[in-house]
Each structure stands twice: as structure tokens, then as C-alpha cells.
Amino acid sequence: MVQEYQSPVRVYKHPFELIMAAYARRFPKCPLIPVFVDSEVISEDQSEDASTVVTQRRCMIDIDAPRLLKRIAGVDYLYFIQKNTLNRRDRTLHIEVHNETFSSRVIVCENCKYTVHPENEEWTCFEQTASLDMKSFFGFESMAEKIAMKQYAASIKKGKEIIEHYLRELEDEGITYIPRWIPPVSSGTAAAKLLLPPSSTPRAIPVKSAKDRLPCKDPSCSMELLAGSPDDKLDADYIRRYLGDLTPLQESCLIRLRQWLQETHKGKIPKDQHVLRFLRARDFNLDKAREILCQSLTWRKQHQVDFLLDTWKRPQLLQEYYTGGWHHHDRDGRPFYVLRLGQMDTKGLVRALGEEVLLRQVLSINEEGLRRCEENTRVFGRPISCWTCLVDLEGLNMRHLWRPGIKALLRIIEVVEANYPETLGHLLILRAPRVFPLLWTLVSPLIDENTRKKFLVYAGNDYQGPGGLVDLIDTEIIPDFLGGDCMCEFPEGGTVPKSLYRTAEELECEENRLLTDSIYKSASIFKGAPYEMLIEITEASSVITWDFDVSKGDVTFNIYHSKRAPQLPKKDTLGAHGITSLAGPVNAQLIDKNWVLGQDYSMVEKALICREGESVQGSHITRWPGFYILQWRFHSSPACTASSLPRVDDVLASLQVSTHKCKIMYYTEVLASHDFRGSMTSLESCHSGFSQLSGATTSSSQSHTSSISR
């Protein structure tokens with residue numbers, strides 16, 4: 001397995017030339033890097049005007065590995081080849097490194113670059129990528145890989161410290177300014193060396209004073225990141241200020257997952273804090289974190305969770321009987337939520353409002369928690385990504401263990417665990433009664449192990465002593481019902497009047513309405529059985545709009561027009577052969593297999609290939625009335641598309657091979673021309689991100705012009 005590393009952008013607040021002087025002092029050996037034993041210059045070439053210098057070195061490395069492993073490998077030192085390309089004109093240094101030792105067994109590649117800061121020409125940026133491919137190593141592949149990654153992570157962490165050490169050394173020697181390179185006066189002028197004292201270069205370009213320097217981009221202004229651009233990179237200082245202290249490998253996982261989202265979603269991506277939560281929930285396993293993050297983003301869009309705080313109005317009954325609310329913050333600055341579960345009539349709320357309303361209430365609390373974390377991060381000047389919750393169980397009894405209520409609670413926990421990982425800093429359970437162990441037995445299996453470690457349970461008045469509530473929150477904000485002096489601004493609860501209970505039929509109807517409230521629908525596409533949707537247009541110049549996400553597999557999206565009304569088949573293809581579909585009913589085909597493209601129907605938009613994880617929005621202006629068919633077809637690689645199996649065989653194959661199935665979530669709408677608020681000459685189909693967890697969008701658009709339908 002190939003191990004990869006991608007660093008954030010590290011910024012030195014010093015000019016490029018001074019950084020190069022500090023970097024040059026690392027050679028031929030560096031006492032600050034014990035494993036870096038020595039190096040020798042193999043070759044050095046420079047351009048005619050001395051603007052470009054290419055230096056190759058052979059570096060000797062002493063890896064801290066068990067002596068037995070070194071004896072088995074038969075070496076004491078490892079040798080690497082380093083190629084440095086210094087461009088004084090462009091003020092860049094590119095570093096390429098590969099291993100010479102065991103090159104047939106292990107492939108190590110590293111690329112680094114020093115460049116000028118894009119917003120301040122007197123600052124220098126550093127980036128680093130690396131990969132390790134352990135093919136074989138005397139049967140100790142796993143051990144060797146762990147040693148290599150440990151050594152590399154340690155050297156990465158020390159890299160910036162070393163440059164800063166040599167910068168201080170230069171300053172102690174009185175070298176605080178090195179002029180930029182300038183072209184020779186004539187072709188015969190000898191090239192100047194890199195390090196020249198200011199006095200020997202009268203034509204040197206002066207460095208700007210501090211007051212003239214451009215300010216660095218304030219990370220607080222980039223909390224909501226623009227996506228879709230390869231130049232949109234994370235700064236190491238931004239990570240430390242807004243995301244916390246991460247190890248180099250954790251930083252790499254965050255950057256690589258973020259890059260993947262930029263490449264696949266082509267538009268808005270979640271905020272870095274949210275991406276980091278999913279990585280932490282899976283111990284920075286990139287593949288696992290990516291899977292659950294994409295599932296959560298699809299869920300958010302399908303249920304329009306991004307708009308929940310702005311669109312959902314809490315029923316009056318909740319405002320009167322839901323005994324919970326936000327209450328200041330804890331000692332670490334985390335938002336603090338208090339829930340008096342023992343005083344809440346959960347059975348009455350479920351009977352009067354239904355499970356879906358309570359779920360939305362909990363989702364709104366979590367969404368508000370995300371907002372408060374961002375706000376507290378700005379207020380306290382340190383990363384705050386989770387909140388503290390206090391649950392008071394005084395009054396909890398068997399009424400709270402009512403079976404439908406437990407069912408609703410388990411479902412809420414499941415949804416929250418899947419979509420709001422690592423948002424809980426501490427959960428304080430106070431005044432737990434004897435019935436609590438029974439409740440805990442029911443809910444604990446659904447709670448992630450890392451989350452369970454954050455539970456602190458206090459029986460009776462144990463919370464009042466040392467190690468209790470006073471260690472987590474200031475005494476002046478301890479709620480009055482827990483013996484403090486602070487009043488909580490939320491209802492005290494009570495029993496919901498039975499006159500407000502609703503019948504099972506009413507609750508079912510209400511829950512169905514909430515469940516189907518999403519404007520998005522789901523569909524599956526099989527190889528040989530595309531998903532097709534019919535839209536009848538009676539008025540020319542109407543606008544067909546679409547918005548869909550590809551949640552599994554790759555699909556090809558087409559739009560066709562026909563003057564003939566498609567006839568739905570009486571029986572699905574599998575049913576006609578007496579075969580029951582294991583994956584549900586096969587999609588009904590609107591385009592008859594006897595129809596001829598160009599005669600019976602025509603293609604009005606160029607086919608669009610959409611990859612897994614992408615989100616696509618677009619529009620089409622209809623030129624003629626008739627029947628329009630939106631088609632999503634399974635997209636195969638060229639090797640697969642070469643085969644021309646009959647449609648039934650393709651469907652049968654799709655049932656046997658799970659990879660021959662795609663899933664989409666889509667929404668379509670038809671607008672009259674006078675209702676469309678866009679330019680009729682610049683309609684576009686574009687790929688964009690799933691979620692408004694990011695607040696700004698950069699669209700990567702692909703224009704689709706309207707075609708004349710036949």
C-alpha cells in the first residue's frame with residue numbers, strides 16, 4: 001500500500017533570499033537533524049546568466065531502527081539523491097528526493113518547494129509532498145513502513161524549527177538583509193553568488209519597510225472556504241489557530257480529503273472544522289472518513305438540513321414543554337447545553353408531536369451548536385469544535401422507558417452519531433436514579449466508543465464536590481436547580497395534557513408529511529437499465545431545471561425530445577422472463593428499443609459524464625412542445641462499453657455484480673419562460689458542492705446550449 005503525505009502551506013515571514021541563506025546552512029550536515037549524517041555534492045550546473053542553479057547531492061541517513069533489522073538488511077546507512085533547482089529570477093526552489101538504497105524494494109519520493117507568498121512578496125511559503133511504496137523488505141514490510149513514517153513525521157515537525165534556528169544565527173551575525181538577484185549588466189558580467197553583502201551590490205532592490213508590507217490574509221476572513229480551485233490551500237498558521245494542533249500526518253489527511261472534495265464536488269465544500277470531525281471520528285482513516293462524510297452530505301441535502309435553522313419553526317408545545325436550552329459556556333469556552341430530561345414528559349411529547357418533530361428539534365440543537373462553536377472560536381481565539389452537554393435525570397422514572405419513546409430516542413441517537421461526529425466534548429449525567437442503568441443498557445450500543453469515553457455520570461449529589469460540576473463550569477453560571485445562582489431561560493417542563501394527544505393516524509400522516517417533505521427523490525441505475533423521467537412540455541421556451549447528486553457509481557446524463565408520447569411497458573423486463581428482481585423493480589424504459597435516434601427522438605443536450613460524489617445543476621430552454629426524457633445511464637469504462645450484451649443480460653449481470661449499480665438523488669422543475677429569473681442566453685449546467693456547511697461557492701461550469709428539438 002502506498003503511503004502519501006501532503007503538507008499545509010507553511011509561511012516564513014522573511015524574504016525568499018534570506019530563507020535560501022538559512023536553508024544553505026543545512027549542508028553538508030546538520031547537527032539539529034541527528035539522522036542526517038552527511039551529504040556530498042554530485043553535480044552543480046547553472047544557466048549562463050546564473051539565474052538558475054541545479055545542484056545534486058547524495059545524502060547519508062542513519063535511520064533509528066532496531067539493530068537486528070539493520071543486520072538483516074545488511075546496511076548501516078541509507079542513501080538518498082536530492083536535486084535542488086534554484087530559480088533566482090522567479091524566486092523559487094524546487095527540491096526532488098528519491099531513495100538510492102533498496103530502490104528495487106522501496107520507492108520513496110519527496111517534492112518540496114519554496115515560493116514567494118502570493119499576497120506578500122517579502123514572505124516565503126513552503127510546501128511538501130511525499131509518498132512511500134513498500135514493495136518488499138525481507139518479510140518486515142509492516143515494521144519498516146512504521147519506522148519510516150515515524151522518522152519522516154519527526155523530520156517534518158522539525159523542519160520549520162531548523163530554518164528558524166539558522167535565521168536567528170544569521171541575525172546574530174548581523175545578516176538581516178540579502179538583495180534580490182538582478183540580471184548582469186552585460187553578457188560578459190560574471191554571475192553574482194547567492195549570498196552577497198548589501199554593500200557590494202549598489203543596484204540591489206530594497207526591501208519594503210514593515211509599514212509598507214501587505215497584510216497577511218486573516219484566517220478569520222476565510223472560515224468559509226472557496227472551493228474548486230487548486231490554489232485554495234490551507235496555511236499551517238490557520239490550522240493551528242482555527243483547527244488545533246495536528247500531527248503532520250493528521251494535517252496531511254485533512255488536506256488530502258479536502259483536495260478530494262474540491263476535485264469531485266467542484267463547488268462548495270464543507271468547512272474545514274466539519275471535515276476534521278469526520279476524520280477524527282475514524283481515527284484519521286482517510287477512506288473511512290470520506291465514506292461517512294459523503295453519506296452525511298447527501299443526507300443533509302436530501303433533508304435540507306442546511307436551511308433548518310432558518311425555515312423550521314418550533315411548535316408552541318415544544319416551546320412550553322421541552323426542558324432544554326443553551327446556557328453560556330464551560331471553562332474551556334465550549335458552548336454549554338442543559339437538558340432536564342427527568343422533568344420532561346417524553347411520552348407526552350411523542351404522543352402529541354410525533355417522532356419526526358422531536359428529531360427535528362434535536363437536529364436544530366446540533367446545527368445551533370455548530371454555529372456557536374464557530375462563534376466561540378472567534379471570541380476566545382482558540383479552536384473550539386465541540387460543546388458540553390449537561391443532562392439532569394432527577395425525576396426520571398419508568399414513564400421515560402415507554403417503548404415508543406425509547407424507539408424515538410434510539411433513532412435520534414443513530415442520526416446524530418452518523419451526521420454530527422466529534423461534536424460532544426463532555427456529557428455530564430447528573431442525579432442518575434436507579435433506573436438509569438437500564439436506560440444506559442438500551443442506548444449505549446448505539447453510541448460510538450470514543451463518545452462513550454466522554455460521559456461523566458454522577459449519582460445523587462456527587463456532582464457538587466471536587467471533580468464535579470465546578471471543575472467544568474464557572475460557579476456563577478451553575479443553574480439554580482443544581483444549587484447555583486444562575487437562572488436558566490428555558491421551560492421547567494411538566495406533564496403534557498392528554499387533550500393534546502393525537503391519534504395514531506394523525507401522527508402517521510404528520511410524520512409521512514415530514515418524511516416526504518424533501519423535494520429530492522432517489523433512484524437506482526443498473527447496467528443496461530437506465531433511469532428515465534418523462535416531462536411533458538406544452539409551451540415552447542419553458543425551462544427544465546435539474547439538480548442531482550451521484551451517490552454511487554458513475555452515470556451519463558442525457559436529455560431527449562420526442563413528439564410521440566412514450567408508452568410504458570406493461571411488464572418489466574425481468575418479470576416477463578419469470579425472474580424476480582432481488583434489487584427491487586427494474587426501471588421502466590420510456591425510450592422504446594425500436595425507436596431510431598434522429599427520427600423518433602432526438603438528443604437536445606450533449607451527454608454529460610458525472611462521477612461518483614459529484615453534484616450537478618443545470619437548465620435547458622425548450623424550443624418546441626412535446627415530451628422530454630431525462631435519462632441517467634450507467635457509465636462504464638471503455639473496456640466495459642465495448643461489450644454489446646442484450647438489455648436483459650445486462651440487467652441480470654447487474655444483479656450479480658454490485659458494482660453495476662449506481663444511485664442518484666435528484667430534483668427537477670419546469671418553469672415558464674417569464675418565471676425564470678436568469679439570462680435566457682447563458683443557462684449553464686454546473687458541478688457544485690453538496691452542502692451549505694460552506695458559505696461561499698465557486699462554480700466550475702460547463703455550458704449547455706439549447707438545441708432545436710425535432
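Up top you'll find the structure we're talking about.
Attention in this report is confined to the structure presented alongside it. Please read these numbers as outputs of a predicted model, since none were measured by experiment.

## Focus: the packing of aromatic side chains
Next, step 1: Under the definition given, this model contains 21 aromatic pairs.
Next, step 2: For the pair F557 and W632, a centre-to-centre distance of 5.3 Å together with 35° between the ring planes defines the contact as tilted. One end of the pair, F557, is in strand 17 (residues 555-562); the other, W632, is in strand 21 (residues 626-634), with 75 residues separating them in the sequence. Each member of the pair, F557 as well as W632, carries the same accessibility label: buried.
Next, step 3: A network of ring pairs unites the aromatic residues Y12, Y23, F27, F36, Y114 and F126 as a single cluster.
Next, step 4: Directly above the ring of Y242 sits R241, whose terminal nitrogen or CZ lies 4.2 Å from the centroid.
Next, step 5: The ring of F481 has R340 sitting right over it, with the charged end atom 4.0 Å from the ring centre.

## Here we look at helix 12 (residues 403-419)
Every α-helical turn comprises 3.6 residues, leaving residues that sit three or four positions apart pointing alike.
Next, step 1: Given a rise of 1.5 Å per residue, 17 residues ought to cover 24 Å, and the 25 Å separating the end C-alpha atoms of helix 12 matches this to within 8%.
Next, step 2: Here the buried face of helix 12 lies against helix 6 (272-281), helix 7 (286-302), helix 10 (346-353), helix 11 (355-380) and helix 13 (436-443).

## A few points about the sheet that holds strand 13 (residues 455-457)
Next, step 1: Pairing is mixed in the open sheet, where five strands are placed in the order 9-10-11-12-13. In this open sheet, the two edge strands, each paired with only one partner strand, are strand 9 (324-329) and strand 13. Ignoring which end each strand starts from, the neighbouring axes of this sheet average 20° apart.
Next, step 2: Here helix 11 sits on the sheet and contacts strand 9, strand 10 (335-339) and strand 11 (387-392); the angle it forms with strand 9, its principal contact strand, is near 10°.

## As for the pattern of salt bridges
Next, step 1: The final tally for this structure, using the stated rule, is 33 salt bridges.
Next, step 2: In this structure, the salt-bridge partner of R256 is E4, at a minimum N-O distance of 3.7 Å. You can see R256 sitting in helix 5 (residues 248-265) and its partner E4 sitting in strand 1 (residues 2-6), a full 252 residues away along the chain.
Next, step 3: The class of R256 is partly exposed, set by a relative accessible area of 23%.
Next, step 4: A relative accessible area of 42% places E4 in the partly exposed class.
Next, step 5: Residue R300 is joined to E367 by a salt bridge in which the shortest nitrogen-to-oxygen separation is 3.0 Å. One end of the pair, R300, is in helix 7; the other, E367, is in helix 11, and 67 residues separate them in sequence.
Next, step 6: Exposure remark for R300: the relative accessible area of 1% places this residue in the buried category.
Next, step 7: Connected through salt bridges with shared partners, the residues R340, D392, E394 and R431 form a single ionic network.

What counts, and at which threshold
- Residues numbered from 1 in each chain as written.
- Predicted model: local features only at pLDDT ≥ 70, side-chain atom pairs only at ≥ 80, totals over all residues.
- Heavy atoms only, no water.
- Phe/Tyr/Trp six-rings, centres within 6.5 Å; stacked < 30°, edge-to-face > 60°.
- Helix = DSSP H or I, 4+ residues; strand = E, 2+ residues; numbered from the N terminus.
- Buried < 20%, exposed > 50% of the residue type's maximum accessible area, 1.4 Å probe, protein only.
- Lys NZ or Arg CZ within 6 Å of the ring centre and 35° of its normal.
- Expected span 1.5 Å × (residues − 1).
- Contact = heavy atoms within 4.5 Å.
- Pairing = 2+ DSSP bridges.
- Axes fitted to C-alpha atoms, helices over the stretch in contact; angles between N-to-C directions.
- Salt bridge = Lys/Arg side-chain N within 4 Å of Asp/Glu carboxyl O.

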